[in-house]
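Report on the structure
Chain residues, written in single-letter form:
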Amino acid sequence: MKNYNKFTSYLYILPAFLLVFLLLLVPMFQNIYYSFFKWDGISKPIFIGIGNYFQLFKDLNFLTSFLNTIIWVVFTLIFPVFGGLLIAVFLRGIKFGNFFKSIFYIPITISFVATGIIWNYMYSREIGILNTFFSLFGLDKISWLTNVPLNTFALLITWTWQQLGVNMVLFLMGLTSIPVEQTEAAMVEGANKWQVFIHVIFPMLRPITTVVIVMATANSFKVFDLIYVMTRGGPHRSSETLAVTMFRETFTMSNMGYGAAISVVLSIIVVAISAVYLKNMLKKDLLYY
Amino acid sequence: MGIIKKILTYIILILLALAWLLPVFAIIQAALKTPEQFNNSSFFEFPNKVAIVENFKMAIQRWKLHEFFLNSLIYAVTGGIITIIAASMAGFSLVRLKPRFNFILFLIIYSGTLFPFQMYLIPLYKIFNQVGLYDTKIGMILVYSALCIPFSLFVYRGFYVTIPKEIEDAAMIDGCNSFQLYTKIFLPQSLAPTAVVALFQMTWIWNDLLFGMVLTRTGNARPVMVSLASMSGVGGGIIPYIMTGVIFTSLPTIILFILLRKYFISGMVLSMAGE
Amino acid sequence: MKRKWIIITTIIMAIAILFSLPLAGCKTTTTTTAAAETTAAAETTAAPETTAAETTAAETTKGEVVKLSLLHDKGGNPNFQPYFEEMGKKTEELLGIKIEPVPYPTTDVFMSTVKAALPTKDAPDLFTWWSTYRMKELIDQNLLAETTELWQKHKDEYSKGLIDAFTFNGKSYGFSYTQEFWPMWYNKDVFAKLNLSEPKNWDEFIKVCETLKSNGITPMAQTVQARWPTFIMFEQFIMGEDPQLYNDLCNGKVKYSDPKVKAGFEVWKSLIDKGYFTDPGIDYFTDAPNMFNNGKVGMILAGTWYYQSVLVAAGVPEDKIGAFIMPSQKESAGKNIILEMSPILISANSKNLDAALKVTDYLMGPEGNEIFASLNKSYQSNMKSSTDFLPDVKKKIASTVKDENYNILNRYWEATPTPICEEAVDKFAEFIQKPNTLDKILSDLDTIADKYWSANK
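Computed from a prediction, not measured in an experiment: that's the story for all the values here.

The rules behind the values
Residues numbered from 1 in each chain as written. Chains lettered and ligands numbered in written order. Predicted model: local features only at pLDDT ≥ 70, side-chain atom pairs only at ≥ 80, totals over all residues. Heavy atoms only, no water. Helix = DSSP H or I, 4+ residues; strand = E, 2+ residues; numbered from the N terminus. Buried < 20%, exposed > 50% of the residue type's maximum accessible area, 1.4 Å probe, protein only. Areas by Shrake-Rupley, 256 points an atom, 1.4 Å probe, with all protein chains shown as cover. Contact = heavy atoms within 4.5 Å. Salt bridge = Lys/Arg side-chain N within 4 Å of Asp/Glu carboxyl O. Polar contact = N/O pair within 3.5 Å; in protein donor to acceptor, adjacent residues only side chain to side chain. Patch = residues over 30% accessible without salt bridge, like charges linked within 9 Å, V, L, I, M, F, W, Y side chains within 5 Å. Pairing = 2+ DSSP bridges. Core = buried A, V, L, I, M, F, W, Y, C linked by side-chain atoms within 4.5 Å. Lys, Arg positive; Asp, Glu negative; His and termini not counted. Expected span 1.5 Å × (residues − 1). Phe/Tyr/Trp six-rings, centres within 6.5 Å; stacked < 30°, edge-to-face > 60°. Lys NZ or Arg CZ within 6 Å of the ring centre and 35° of its normal. Axes fitted to C-alpha atoms, helices over the stretch in contact; angles between N-to-C directions. Parallel < 35°, antiparallel > 145°, perpendicular 65-115°, else oblique. Left-handed = near helix turned anticlockwise from the far one by under 90°. Nonpolar A, V, L, I, M, F, W, Y, C, P; charged D, E, K, R; others polar. Buried area = accessible area lost by both parts, 1.4 Å probe.

This paragraph deals with the overall build of chain C. A count of helices and strands for chain C gives 20 helices and twelve strands. The buried share of chain C, reckoned over its 457 residues, is 61%. For chain C, the exposed surface amounts to about 17,800 Å²; the carbon and sulfur share of it is 54%.

What chain A contains, in helices and strands, is 13 helices and two strands. Taken over the C-alpha atoms alone, chain A extends approximately 75 × 75 × 30 Å along its principal axes. The burial tally for chain A puts 61% of its 289 residues in the buried class. Look at the contacts in chain A between residues 6 or more apart in sequence, and 66% of them connect residues 24 or more apart. Total accessible area on chain A stands at roughly 12,000 Å², and carbon and sulfur atoms take up 71% of it.

A few words on the interface of chain A and chain C. Counting residues at the interface gives 37 residues for chain A, matched by 40 residues for chain C. At the boundary of chain A with chain C, the tally comes to two salt bridges. The closest approach of N and O atoms between A:R125 and C:D279, which form a salt bridge, is 3.5 Å. For the pair chain A and chain C, the number of links is nine residue pairs in polar contact (both at pLDDT 80 or more). Where the side of chain A that touches chain C is concerned, the elements lending two or more residues are α1 (6–34), α11 (225–231) and α12 (242–252) of chain A. Here the side of chain A that touches chain C takes eight residues from α1(A), the largest share from any one element.

Looking now at a nonpolar patch on the surface. Judged by side-chain polarity, A:F66, A:I70, A:V74, A:L77, A:I78 and A:F79 come together as a nonpolar surface patch covering roughly 470 Å² of accessible area. By the element assignment, A:L77 lies in helix α3 (residues 60–91).

Moving on, we come to the side chain of A:S124. Within the fold, A:S124 resides in the loop between α5 (112–123) and α6 (129–136). For A:S124, a relative accessible area of 8% puts it in the buried group. Leaving out residues up to four positions away in the same chain, A:S124 has contacts with A:N131 and C:D287.

This next bit is on the environment of C:Y276. All names here are of chain C. Tracing the chain through its elements places Y276 in the loop between α12 (259–273) and α13 (287–293). Classification of Y276 by relative accessible area gives buried; the value is 4%. Y276 sits 67 residues away from C209 along the chain, and the two C-alpha atoms are 6.7 Å apart. Residues within four places of Y276 in sequence aside, it is in contact with I206, C209, E210, K213, T218, P219, M220 and L271.

This part takes up the pairing of strand β10 (residues 321–324) of chain C. Residue and element names in this part refer to chain C. Alternating residues of β10 divide into I321 and A323 and G322 and F324, and every residue in both groups is buried. As judged from the four bridges shared by strand β7 (residues 184–187) and β10, these two strands associate in the antiparallel manner. Counted as the bridge partner of Y186 is G322 from β10.

A few words on the pattern of salt bridges. Residues and elements named next belong to chain C. Overall, the coordinates contain 25 salt bridges over all chains when judged by the stated rule. Its salt-bridge partner being K269, residue D273 comes within 3.0 Å of it at the nearest N-O pair. Taken together, the residues span about one helical turn, with D273 and K269 both in helix α12 at a distance of four residues. Residues D444 and K427 are paired through a salt bridge, measuring 3.0 Å at the closest nitrogen-oxygen approach. Here K427 lies in helix α19 (residues 418–433) and D444 lies in helix α20 (residues 438–455), a separation of 17 residues in the sequence.

It is worth spelling out unusual backbone geometry at this point. Note: most peptide bonds trans; most residues except glycine with negative phi. Residue and element names in this part refer to chain A. Cis geometry marks the peptide bond from V148 to P149; its omega dihedral reads -5°. Mapping P149 onto the fold places it in the loop between α6 and α7 (150–176). Although it is not a glycine, R232 adopts a positive phi angle of roughly 55°. Along the chain, R232 falls in the loop between α11 and α12.

Before going further, it helps to spend a moment on the nonpolar core. Ranked by internal contacts, the top residues of the largest apolar core, which has 345 residues, are C:F265, C:M299, C:Y306 and C:Y412. No other element matches the 15 residues that helix α7 (residues 137–160) of chain B contributes to this core. Setting aside residues up to four positions removed in sequence, C:Y306 forms contacts with C:W185, C:Y284, C:F285, C:A288, C:P289, C:I300 and C:L311.

So, on to the side chain of A:D59. With respect to the element layout, A:D59 can be found in the loop between α2 (51–58) and α3. Buried charge without a salt bridge: A:D59, with A:R237 as the nearest opposite-charge side chain at an N-O distance of 5.3 Å.

We now examine α5(A). Residue and element names in this part refer to chain A. With twelve residues, α5 should cover 16 Å at 1.5 Å per step; its first-to-last C-alpha distance of 16 Å lies within 8% of that length. Most of α5 sits inside the fold, with ten of its twelve residues counted as buried. For α5, the complete set of buried residues consists of V113, A114, T115, G116, I117, I118, W119, Y121, M122 and Y123.

Moving on to the packing of aromatic side chains. Counted by the stated rule, this structure contains 82 aromatic pairs over all chains. Considering the side-chain rings of A:F37 and A:F47, the 5.4 Å spacing of their centres and the 75° angle between planes classify their relative orientation as edge-to-face. Taken together, the residues span a long stretch of sequence, with A:F37 in strand β1 (residues 37–38) and A:F47 in strand β2 (residues 46–47) at a distance of ten residues. On the basis of relative accessibility, which here comes to 12%, the residue A:F37 falls in the buried class. Centre to centre, the rings of B:F151 and B:F200 are 6.0 Å apart; their planes meet at 85°, and the pair counts as edge-to-face. Pair noted here: B:F151 is in helix α7 and B:F200 is in helix α10 (residues 191–207), with a separation of 49 residues, a long-range link. We classify B:F151 as buried; its relative accessible area is 17%. Taking the relative accessible area as the measure of exposure, B:F200 reaches 18% and is therefore buried. Over the aromatic face of A:Y228 sits the side chain of A:R232, whose NZ or CZ is 4.4 Å from the ring centroid. Above the plane of the ring of C:Y104 lies B:R222, whose end atom (NZ or CZ) is 4.6 Å from the centre.

Moving on to the packing of α12(C) against α20(C). Residue and element names in this part refer to chain C. Two elements in contact, α12 and α20, have axes separated by 11 Å at closest approach and are oriented at 135°. Regarding the angle of α12 to α20, the classification is oblique. As α12 packs across α20, the resulting crossing turns out to be right-handed. Taken together, the residues of α20 that come into contact with α12 (itself represented by K262, F265 and E266) are L438, D439, L442 and L445. The class makeup of the residues in the contact of α12 with α20 is four nonpolar, no polar and three charged.

Glancing now at the interface of chain A and chain B. At the junction of the two partners, chain A supplies 88 residues and chain B supplies 100 residues. Each partner contributes to the roughly 8,800 Å² buried at the junction of chain A and chain B, and carbon and sulfur atoms together form 79% of this total. The interface formed by chain A and chain B holds zero salt bridges in total. The interface formed by chain A and chain B holds four residue pairs in polar contact (both at pLDDT 80 or more) in total. With 21 residues, the single largest contributor to the side of chain A that touches chain B is α1(A). Class assignment for the residues of the side of chain A that touches chain B results in 63 nonpolar, 17 polar and eight charged.

Function cannot be read off these values alone, since they describe shape.
This is the structure we're talking about:
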């Protein structure tokens, strides 16, 4: 029944729209605009068309950074996402479930800065806990954050520590919405636990799985604070991902135009990936319209 | 479940939980020691005396954590409230009032979640300078709200879609206008998504580093994470003080989680059941 | 239906773009007018002959305290915030002008924010920065206020080398609030136990390293963590070949693949290969002092600021800390030491230019220049300030440099253009971890340097 005043319907959206338009969209377009210039922030910008973009694809460092980003995304899907699912399944119906849930969830509530600082300390070569344990057992000390490619994986361990909880919680919510009758009916029909999982539970988790994957993927593409606080993308740029490279070019090297171009490329990728999943999810809603 | 499977599950869970708690144990231990003891003892020695209060005093004195703490509190609460109001209103309108270009408007706002935040920094900095919002509390609140609205809109919209049309029709028969529909029907039911939004977004605002660093300058407007980051600046840091700072600045979000946990989980369950 | 959506989207995007265009373009106009104002302002403040100390509060605006902002990135460790606040209190007392220091936690964001602010009306009044090339890029854009008259006024209180470092094309900018030498810190207890004394030449130095190593102690600390410390040993080994070579390399007159430069690297490489350095994964500011204290590492090359804010703060007893100046590997290179000069600069667009210049005048004088130095126990730049507060070990270094006529060379971070430096430190890190790839690294360094010099002759 669409007999509401069209005007009022826009009015409700206005605050949200204004804020987002003025403070996010306009800067975003400015950023795209800057990406066509060579600019160091203090002198006059020089128009170079798509010169920045050309340079990107020739830049070896950009390609390494891109590869690292892919590693981050893949790893995120395996450990924080799939691991979250596994733990959610384990936790189902366990006594003290809430206790365990809280332990895994709390790391997401602390900031990236705090996480980075804590894990810097954990990974510290001389005074860090991990190495202290290692030397207890007579093993050699490891330079977690400066050995390539160990450093990226050390960062990913920290990332998992922090992010697994949120995925786990979302999956748990999905799991609780599955009516027990369905699983019971399947078990009555002779399915074992594993088959129940694959054929009953997993399909019913589809909506929540979509949300989790889209969120986790977008987040892993954008991760910056953690890497910045722990290794600054080093040593010698080996642990940089696209977001870190963008920051480095904009703030450290003062190549504002180049940094803007990198952020544009990154955004296109994130939008493209999200679009694939969003399309599926929104098809349902479009029918509603 | 077989007994063996059950025991195995517990063992795995306990091991994982221990692994997860190890960092927490490390920081508490470091925060309790004095800097002298920390540097001269091994990890396994227990603290001689509980120095956390002195460490805390040092952290406050030298880095003025309490000022920034207050700023972040204002940002999280005010930003959160603005976000909740704006996003729930917009979600309501998109779902029920269905203006034209519905979908496009939603996508435009939702796109805010897709772009890496750093790309907004320098343009925002220039804009703020020109309109005089640089280094102001208002500027920060507006920016934080703008950043939180996209995801919140997504949550509210997803939730509102599940409210049965019958309720709306019944209300219309009773002669409600849109505002009453919003406040008397939609809002009261929104406890669940509001808990989700409040938890995620207020935590996000509290934990922000980049926007705080770039868009503020003085203690007037600076958020707390910037001061935490500065405790270990160009030349390393004194671990017991830093860890005390970490604990102090992480407590609010942890407390928020504990408070909202019940609403959060049961709320999401309800919204899922409503499907 | 679909067509309508496309039209509306395009209209919205067009509006957004229209919005963004005027905002994106317009900052360059402010700088030219500001530059014109600066020279006028500098001339008027030269007039009052009275020293800053005699200026009473009555001379400034009636009772109102002028507030100057001082932006810096030294808010963490070392933490200069309390020292700057002291400076501010003193100037408030004596001049009615208060300095409000604002710390930034990381250098990159600090640099970009300051650079973005300088052309606007929100430019900081004062800010810490780095000398030589890092100052030059701001001067080229007319973003700094001149202090030429003030330097003239105080010229008997400063060494010529220092004055020159702050002068570009006959004009001077900012002032120096502290300077740091870069000696080799060593653990006195360890040395005493092994009967070692401070080496006076390269052979003695190598012997010290050998003795330490054969007694299970790593001779020197080195790191790739935190990115920037990788140039520390680099500058030592290049200037140890020939100080002129170092200067030429920094100014682009010599290539990185030059055989003499390569020779310097090879000395570095041989020491790495002999295991005279720690694993580069250690942190220079948390692990290193710890290892120093426990006698696991014998020597650390660092600025004189390392003493107070890193070593002593980490609990190393002061009588354990000694310092000597690392000898050059070639006798012909003579005696060299690296100096780090720390300027505070004044923005051309500062809203309180007069006050900033008044404050600078005071802080350049013997009394003012001492405030920060005495709190930080570092070297003041004004020759007439007292040095009583310096710990003995620092006094010794300063007098050695003076008495034995050491060549004073600028730190790599400032002595070479920023774009080269920022990429070079990553290359040095690569070298430290993989010294066998020396030739490739040198050629990569050449590529980096050429990219800059060919565009900026």
